[in-house]
Amino acid sequence: MFAVLKTGGKQYKVQSGDVLRVEKLAAEAGETVQFNEILMVDGQVGTPTVEGAAVQATVIDQIKGDKVIHFVKRRRKHSSQRTKGHRQQLTLLRVTEILASGAAATGVKAAIGSGSVSGAAVAVAEPKAAEAKAEAPAEAAAPAGDDLKKLPGVGPAMEKKLHEAGITRFAQIAAWTNEQAAAMDSRLGLKGKIVNDGWVALAKDLAKKA
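Residues numbered from 1 in each chain as written. Predicted model: local features only at pLDDT ≥ 70, side-chain atom pairs only at ≥ 80, totals over all residues. Heavy atoms only, no water.

With that out of the way, let us pick up the overall build of the protein chain. When helices and strands are counted, the protein chain shows six helices and eleven strands. Per-residue burial for the protein chain yields a buried fraction of 27% across its 210 residues. Of the contacts formed within the protein chain by residues at least 6 apart in sequence, a portion of 62% connects residues at least 24 apart. Surface accessibility of the protein chain: about 13500 Å² in total, with carbon and sulfur atoms responsible for 52%. (Helix = DSSP H or I, 4+ residues; strand = E, 2+ residues; numbered from the N terminus. Buried < 20%, exposed > 50% of the residue type's maximum accessible area, 1.4 Å probe, protein only. Contact = heavy atoms within 4.5 Å. Areas by Shrake-Rupley, 256 points an atom, 1.4 Å probe, with all protein chains shown as cover.)

Structural data, given as structure tokens:
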């Protein structure tokens, strides 16, 4: 039986007993890991993966690939040869078993890339995400104030910028001096809109109605 598995953005055709070099996995030598992204197994093609299929392998060692020889060719000049300093980190493992079904019930650790989020990190992140979601309504209600979108040329994006600048009420705008209005105009990049559209005068009327 053979299978085609996917890991590290690459595909590998494997049989039991094969030795593979794959992108580094978060596992120690001697550990057994299970690849769950199986594209084909025993002639069955996945859509895109075969449900319930898996490939188990034992980690032999964490190794590094060879240094890359980089050839640079230049027109009318001699070619140059340079040894790159990078050596790709790899995991050497031996395929022990190919499962056509029942992968979820094995209890074997999933093969996760060393750059991926670990299960422990996910477990820590989930409660924090739940807490943040629970606090979201209170945070959304925090910037209570007037509807600044009633001012000419102020949409949701501009209203957000005004809130970030600490402006949430018409009374604040109504109290601006010419210098303060010009300074805010420059800060928001409005190109004279505050004065030209009469924000201060309009804000005084809106503040009375609020």
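Still to come is the rest of the account.
A few words now on the sheet that holds strand β6 (residues 44–45). Here we have four strands laid out as an open sheet, ordered β2-β1-β5-β6, and antiparallel in their pairing. Two strands lie at the open edges of the sheet, namely β2 (10–15) and β6, each paired on one side alone. Two elements, strand β5 (residues 38–41) and β6, share two bridges in a ladder whose sense is antiparallel. Along β6, the bridge assignment pairs methionine 40 with valine 45. (Pairing = 2+ DSSP bridges.)

With that out of the way, let us pick up the pattern of salt bridges. What the rule picks out here adds up to six salt bridges. Here lysine 10 ties to glutamate 23 by a salt bridge, and the two come within 2.7 Å at their closest N and O atoms. Of the two residues, lysine 10 sits in strand β2 while glutamate 23 sits in strand β3 (residues 19–23), which places them 13 residues apart along the sequence. The exposure class of glutamate 23 is partly exposed, given its relative accessible area of 22%. Residues joined by salt bridges that share partners form a network here, namely Asp147, Lys149 and Glu159. (Salt bridge = Lys/Arg side-chain N within 4 Å of Asp/Glu carboxyl O.)

Glancing now at the sheet that holds strand β7 (residues 54–64). For sheets, the rule is that strands pair by backbone hydrogen bonds, running either parallel or antiparallel. The strand order β3-β10-β7-β4-β11 describes an open sheet built from five strands, whose pairing is mixed. A single partner strand is all that each edge strand has here, and the edge strands are β3 and β11 (109–110). Pairing between β7 and strand β10 (residues 89–99): ten bridges, direction antiparallel. Pairing of valine 55 across the sheet is with isoleucine 98, part of β10.

What follows concerns the environment of alanine 110. Looking at the element boundaries, alanine 110 is found in strand β11. C-alpha separation for the pair alanine 110 and leucine 25, spaced 85 residues apart in sequence, amounts to 9.9 Å.

Between threonine 47 and proline 48 the backbone carries a cis peptide bond, its omega angle lying at 0°. As for its placement among the helices and strands, proline 48 is situated in the loop between β6 and β7. Located in the positive-phi region is aspartate 42, a residue other than glycine, with phi close to 50°. Residue lysine 191 is not a glycine yet carries a positive backbone phi of 55°.

With that settled, consider the side chain of glutamate 159. Considering the arrangement of structural elements, one finds glutamate 159 in helix α2 (residues 156–164). With relative accessibility at 11%, the residue glutamate 159 sits in the buried group. Not counting residues within four places of it along the chain, the set of residues in contact with glutamate 159 comprises Asp146, Asp147, Leu148, Lys149 and Val154.

The tally for this structure, following the rule as stated, stands at zero aromatic pairs. The ring of phenylalanine 2 is capped by lysine 13, whose NZ or CZ atom sits 4.7 Å from the centre of that ring. (Phe/Tyr/Trp six-rings, centres within 6.5 Å; stacked < 30°, edge-to-face > 60°. Lys NZ or Arg CZ within 6 Å of the ring centre and 35° of its normal.)

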